[in-house]
Amino acid sequence: MRLWIAFWNILLKDMRTYYLKPPNISWGLLFPVAWTAMFFIKSGKGLDSILALLPGVVALSILFGTTSMLAVTVTFEKKNRSFERLLLAPIPLELLMLAKTGGAVVFGVANAFVPVLMALFLADLSQVNWIVFVPAVFMIAVASTFLGLFIAVAVSEVFEAQTFSNFFRFPMIFLCGLFFPIEKLPVFLKPLSYILPLTYGADMLHGAVHGRQSMPFPLDTALLGGFCVGLFAVSLWNIKRKWIL
Amino acid sequence: MNEVIAVEGLSKRFGQVQAVSGLSFTVHRGELFGFLGPNGAGKTTTINMLTGLARPDMGTIRIGGIDCTQRPRAAQHLIGVVPDESNLYPELTGFENLCFCAALYGLGKAERQERARRLLDQFGLAQAANRKFGGYSKGMKRKLTIAAGIIHQPEILFLDEPTTGIDVAGARHIRQLIADLHKAGTTIFLTTHYIEEAERLCGRIAFIVSGRIVRTDTVERLIQSVRDKHVVQITCSKMPDDMGTRLSQFFPGLELTSQGRESIRVEAGEPIRVGPLVRFLEDQGAEVAEARRMRPSLEDVFVQITGIEAHAMGQEQEKEKAGAG
Ligand SMILES: Nc1ncnc2c1ncn2[C@@H]1O[C@H](COP(=O)(O)OP(=O)(O)OP(=O)(O)O)[C@@H](O)[C@H]1O
Ligand SMILES: [Mg+2]
């Protein structure tokens, strides 16, 4: 009970002070529209391609939404020392970091459904397998949040966190099979695809939306889950090593 | 179990800097223990190690009987910390900040709000309760940071330089609050570089210089060592240059130190008669503006033990004296 109160209030505070701010909300809305429009114009195929584009736009909305928030909720709070207050509280570090990242996961999931809602008006989504789609969205949100956390604790300045996340984010757009199938990538880039967590999330989304996936669903889930655990563990280790001096 | 904090051989190095070396001390239940030392002495580093924000290189720490050496955050439910710089959330109001801090310790909503209101009242911040912390003045920030450190009513409170940078009235109020907390039974570990503050508040004091404790004792016992010393401070508006030499020839039993061009400090092991001193000075062409007997203070002990001149401990202290006097 005691720990739950702490957990919930940390989450709630982040939601109130960071996530529910008008700039973030409008960003969350604008972003998917911009991506959709960009690929729409580029592919020039008209409304039919909405379903083909949806997994990519959903994944990017989550990726950008979550990773950019961690730079604020973690790096910024570390910089202005309010993070110390959390470290002084009698809460296990694991729980503390789950509370700090929980808000970003929720924000990521919410961001994912913005393009879905828009697509509802433009295309027929009846064939989408929601039982796979929803867990996939959740897992991508968790994995990219923990990727954001990994970056946020590896640096000490907010701008470094932003720069460093772009270093991960932009290659991911092209290497994870979101818009360009991995099979069509040059041979030397393929191994890179398979060490990026988003590759497996993208595969799940493709499977859920138009049934073309390259790996079995449980394998995707297991690998993505492995990335989540790994990134979280490395981040905790980094906090213990670098922030508890 | 009466030793609430027990530290043995504590050391910490940052690169080239040996911040703290071989500290050993104990703090008893209900005690107000002071850590007095100049800038860079290692006070904050010590607090960080005691509160789980830093890991010692060597030594052991026990807080409330819990061994925190291997698990730095093991005793955090027992302690409250007021850091040297405010670390509350600028975008939350004073009230929200306090409620949030209370929630970190698992207090329920009604209790959080009740305690937050009471503390805001007690700290004279009720008017500012619904203003953003970011817009608070330095003194208000300091007070709210202290309130946030005690909202969960910790057994042991760490205060890192609670009055630094605060005006005289504010500092006095904060000292009163600290004294009240102590009376109410909280064990307090306080760092400061104000000698007078340590003397006024603390029961026992450790002098820390360059990462080492040079002396730990009760305030009475520390002052005892200078109690038999008598000091007179003489201020002249006009004084011939070689006055010091002339004085020491005429009064061989006195120890004289000139402080600047206008002031002489006279010390002796027995009561000093001021009259002959003043008469001699006037005869020699000096114009005496003031001659004052000084009560021996902790300052004298500090200077004697550490060799550090008290005025080197920070200008704010001087400012404060000027304001108070
Ligand atoms: N994180 C750090 N990295 C490098 N050096 C540090 C670090 N923290 C403290 N130091 C060094 O350790 C020494 C002790 O610093 P500390 O902050 O403990 O002193 P202090 O007594 O609190 O001083 P002040 O009165 O100025 O607050 C200083 O020389 C300081 O430069
Ligand atoms: Mg300090």
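(A) Structural view of the pairing of strand E6 (residues 79–82) of chain B. Residues and elements named next belong to chain B. Here E6 shows no split at all, with Ile-79 and Val-81 on one side and Gly-80 and Val-82 on the other all buried. Note: E6 against strand E7 (residues 156–160), four bridges, orientation parallel. Bridge assignment links Val-82 to a residue of E7, and that residue is Leu-159.

(B) Just the side chain of Lys-13 of chain A, in detail. Along the chain, Lys-13 of chain A falls in helix H1 (residues 2–19). For Lys-13 of chain A, a relative accessible area of 5% corresponds to the buried category. A distance of 2.7 Å separates a polar atom in the side chain of Lys-13 of chain A from a polar atom in the side chain of Glu-77 of chain A. Apart from the residues lying within four places of it in its own chain, the contact partners of Lys-13 of chain A are Tyr-18, Glu-77 and Lys-100 of chain A together with Tyr-89, Leu-92 and Phe-100 of chain B.

(C) Just the site of ligand 1, in detail. Around ligand 1, the structure places 13 residues, and the nearest of them are Gly-40, Lys-43, Thr-44, Thr-45 and Glu-161 of chain B. Residues lining ligand 1 come from chains A and B. Contacts to ligand 1 include Asn-39 of chain B, whose side-chain N or O atom sits 3.0 Å from an oxygen atom. Residue Gly-40 of chain B places a main-chain N or O atom 2.7 Å away from an oxygen atom belonging to ligand 1. Alone, ligand 1 offers 630 Å² of accessible surface; in the complex the protein occludes 63% of this. Of all elements in the fold, only strand E2 (17–28) and helix H1 (43–50) of chain B reach the threshold of two or more residues within the shell around ligand 1.

(D) Broad picture of the domain arrangement of chain B. Its domain assignment divides chain B into domain 1 (3–224) and domain 2 (230–295). Computed from C-alpha coordinates alone, the two centres of domain 1 of chain B and domain 2 of chain B are separated by 42 Å.

(E) Inspection of the interface of chain B and chain A at higher detail. Every contact between the two is made by 32 residues of chain B and, on the other side, 27 residues of chain A. When chain B packs against chain A, the two sides together hide about 2,600 Å² of surface, and 58% of this comes from carbon and sulfur. Area buried by chain B at its contact with chain A is led by Leu-53, Arg-73 and Leu-104 of chain B, which between them contribute 27% of it. On inspection of chain B and its partner chain A, the count reaches two salt bridges. The partner of Arg-81 of chain A in a salt bridge is Asp-84 of chain B, with the nearest N and O atoms 3.4 Å apart. Counting across the chain B and chain A interface gives seven residue pairs in polar contact (both at pLDDT 80 or more). Of all the elements in the fold, those that place two or more residues in the side of chain B that touches chain A are strand E1 (3–14), helix H2 (94–104) and helix H4 (138–150) of chain B. The biggest single contributor to the side of chain B that touches chain A is H2 of chain B, with four residues. Classifying every residue of the side of chain B that touches chain A by side-chain character gives 17 nonpolar, eight polar and seven charged.

(F) Local environment of the sheet that holds strand E12 (residues 255–259) of chain B. All names here are of chain B. Ordered in space as E12-E13-E11-E14, the four strands form an open sheet in which the pairing is antiparallel. Each having just a single partner strand, E12 and strand E14 (287–294) make up the two edges of the open sheet. Strand-to-strand twist of the sheet, defined as the mean angle between neighbouring strand axes without regard to direction, takes the value 20°. Contacts from helix H9 (residues 274–283) reach strand E11 (230–238), strand E13 (263–268) and E14 within the one sheet, and its direction differs from that of E14 by about 160°.

(G) Representation of the pattern of salt bridges in the model. Counted by the stated rule, this structure contains 20 salt bridges over all chains. For Glu-84 of chain A, the salt bridge is made with Arg-81 of chain A, and the minimal N-O distance between the two is 3.1 Å. Across the pair, Arg-81 of chain A and Glu-84 of chain A agree in class, each one buried. Residue Arg-81 of chain A is joined to Glu-85 of chain B by a salt bridge in which the shortest nitrogen-to-oxygen separation is 3.6 Å. With one member in each of two chains, Arg-81 of chain A in the loop between helix H3 (50–79) and helix H4 (82–88) and Glu-85 of chain B in the loop between E6 and H2 form a pair that bridges those chains. The exposure class of Glu-85 of chain B is partly exposed, given its relative accessible area of 47%. Here the residues in one salt-bridge network are Lys-13, Asp-14, Glu-77 and Lys-100 of chain A, joined through shared partners.

(H) Up close: the confidence of the model for chain B. All names here are of chain B. Here chain B averages 87 in pLDDT, and 94% of its residues register 70 or above. Averaged over each element, pLDDT in chain B is lowest for helix H11 (residues 315–324) (43) and highest for H2 (96). Two numbers describe this predicted complex: its pTM, 0.83, and its ipTM, 0.85.

(I) Expanded view of the sheet that holds strand E5 (residues 66–67) of chain B. Residues and elements named next belong to chain B. The strand order across the open sheet built from four strands is E2-E1-E4-E5, with neighbouring strands paired in antiparallel fashion. In this open sheet, the two strands that pair with only one neighbour each are E2 and E5. Sheet topology places strand E4 (residues 58–63) next to E5; two bridges connect them, and they run antiparallel. Bridging from a neighbouring strand, Arg-62 pairs with Asp-67 of E5.

(J) The nonpolar core, seen in detail. Counting residues in each nonpolar core, the largest one holds 112 residues, and the members touching the most others are Ile-5, Phe-25, Ile-63, Phe-158 and Phe-189 of chain B. Among the elements that make up this core, the one with the highest residue count is helix H6 (residues 130–154) of chain A (15 residues). Aside from chain neighbours lying at most four places away, what touches Phe-158 of chain B is Ile-5, Ile-47, Leu-50, Thr-51, Ile-63, Ile-79, Gly-80, Val-81, Val-82 and Phe-189 of chain B. Core analysis: the next-biggest nonpolar cluster, separate from the first, contains 49 residues, Ala-129, Leu-144, Ile-151 and Ile-174 of chain B among them.

(K) Region of interest: the packing of aromatic side chains. Taken as a whole, this structure holds 21 aromatic pairs over all chains when the rule is applied. Ring geometry for Phe-250 of chain B and Phe-280 of chain B: centres 4.6 Å apart, planes at 20°, overall stacked. Of the two residues, Phe-250 of chain B sits in helix H8 (residues 243–250) while Phe-280 of chain B sits in helix H9, which places them 30 residues apart along the sequence. The exposure class of Phe-280 of chain B is buried, given its relative accessible area of 9%. Ring-pair connections join several aromatic residues into one group, and the members of that group are Phe-25, Phe-33, Phe-35, Phe-158 and Phe-189 of chain B. For Lys-13 of chain A, the ring lying beneath its charged end belongs to Phe-100 of chain B, and the centroid distance is 5.7 Å. Just above the ring of Phe-133 of chain B sits the side chain of Lys-141 of chain B; from NZ or CZ to the centre is 5.8 Å.

Cut-offs and rules
- Residues numbered from 1 in each chain as written.
- Chains lettered and ligands numbered in written order.
- Predicted model: local features only at pLDDT ≥ 70, side-chain atom pairs only at ≥ 80, totals over all residues.
- Heavy atoms only, no water.
- Buried < 20%, exposed > 50% of the residue type's maximum accessible area, 1.4 Å probe, protein only.
- Helix = DSSP H or I, 4+ residues; strand = E, 2+ residues; numbered from the N terminus.
- Pairing = 2+ DSSP bridges.
- Polar contact = N/O pair within 3.5 Å; in protein donor to acceptor, adjacent residues only side chain to side chain.
- Contact = heavy atoms within 4.5 Å.
- Near = heavy atom within 4 Å.
- Areas by Shrake-Rupley, 256 points an atom, 1.4 Å probe, with all protein chains shown as cover.
- Domains from an automatic or database assignment.
- Buried area = accessible area lost by both parts, 1.4 Å probe.
- Salt bridge = Lys/Arg side-chain N within 4 Å of Asp/Glu carboxyl O.
- Nonpolar A, V, L, I, M, F, W, Y, C, P; charged D, E, K, R; others polar.
- Axes fitted to C-alpha atoms, helices over the stretch in contact; angles between N-to-C directions.
- pLDDT = per-residue confidence, 0-100.
- Core = buried A, V, L, I, M, F, W, Y, C linked by side-chain atoms within 4.5 Å.
- Phe/Tyr/Trp six-rings, centres within 6.5 Å; stacked < 30°, edge-to-face > 60°.
- Lys NZ or Arg CZ within 6 Å of the ring centre and 35° of its normal.

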